[in-house]
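Architecture and fold: a report
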Amino acid sequence: MTSLPAPVPHPAATEQRRWTLDSVQDLRRLRAELRDAVTGTLIDDDGLDRIAVVATELATNALRHGRPPTVIRLLEEPGHLILDVADHDLAGEPLFDQSRPIGSGGLGLHLARTFATDLGWYRTATTKHVWAVFTT
């Protein structure tokens, strides 16, 4: 297994929306509201689908492996949309599972790395964040 890099992304980005999730049942609402929030940006339909998949995968990971609540923020700066997914598990680290066979789960970070322009994670004093950047 390998870890994601750990820089803080795009510190000048501004928050456009925020969602707090308590369970996987909240994912449907996240996807619908995220689509509404991103519609009208320079992201095309394919990009919108990619952002929705990455948001779902990162939020699912946070809900399953982190500590609640899970907070998803949509940030924006010129030329970029950034998803920042936080949970309150400071001990855990997001890891790529290199040994898991395809079809047995655990590919969320791989999908995020494939669909996003950039991907990483960082910790604050109270939260662990995984972020993904999309070029507009």
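Structure first, text after, so check above.
This section reports on the structure supplied with the text. Just so you know, these numbers come straight off a predicted model, no measurement behind them. (Residues numbered from 1 in each chain as written. Predicted model: local features only at pLDDT ≥ 70, side-chain atom pairs only at ≥ 80, totals over all residues. Heavy atoms only, no water.)

1. What about the environment of leucine 81?
Mapped onto the secondary structure, leucine 81 falls in strand β4 (residues 80-87). By relative accessible area, leucine 81 is classed as buried at 2%. (Helix = DSSP H or I, 4+ residues; strand = E, 2+ residues; numbered from the N terminus. Buried < 20%, exposed > 50% of the residue type's maximum accessible area, 1.4 Å probe, protein only.)

2. Some thoughts on the environment of tyrosine 122
Mapped onto the secondary structure, tyrosine 122 falls in strand β6 (residues 118-123). According to the relative accessible area criterion, tyrosine 122 is buried, its value standing at 10%. Expressed as a C-alpha distance, the spacing of tyrosine 122 and proline 9, which sit 113 residues apart in the sequence, is 8.8 Å. Within polar-contact distance, the side chain of tyrosine 122 engages the side chain of aspartate 84 at 3.0 Å. (Polar contact = N/O pair within 3.5 Å; in protein donor to acceptor, adjacent residues only side chain to side chain.)

3. Re the sheet that holds β6
Taken together, the five strands give an open sheet; going across it, the order is β2-β3-β4-β7-β6, and neighbouring strands pair in antiparallel fashion. The outermost strands of the open sheet, each flanked by one partner alone, are β2 (14-21) and β6. Averaged over all pairs of adjacent strands, the angle between strand axes in this sheet comes to 20°, irrespective of strand direction. Relative to strand β7 (residues 128-135), β6 is paired through six bridges, and the arrangement is antiparallel. Its bridge partner being in β7, aspartate 118 is matched across the sheet by valine 133. Docked against the sheet, helix α1 (residues 27-38) engages β2, β3 (70-77) and β4, running at close to 165° with respect to β2. (Pairing = 2+ DSSP bridges. Axes fitted to C-alpha atoms, helices over the stretch in contact; angles between N-to-C directions. Contact = heavy atoms within 4.5 Å.)

4. A closer look at the pattern of salt bridges
This structure, assessed with the given rule, holds nine salt bridges. One salt bridge in this structure joins aspartate 46 and arginine 50, with 3.1 Å as the shortest N-O distance. On the criterion of helical spacing, the pair formed by aspartate 46 and arginine 50 is a turn pair, its members being four residues apart in helix α2 (residues 45-65). A relative accessible area of 29% means that arginine 50 is categorised as partly exposed. Each of the salt bridges in this network shares a partner with another, and the network as a whole consists of Glu15, Arg18, Arg73 and Asp84. (Salt bridge = Lys/Arg side-chain N within 4 Å of Asp/Glu carboxyl O.)

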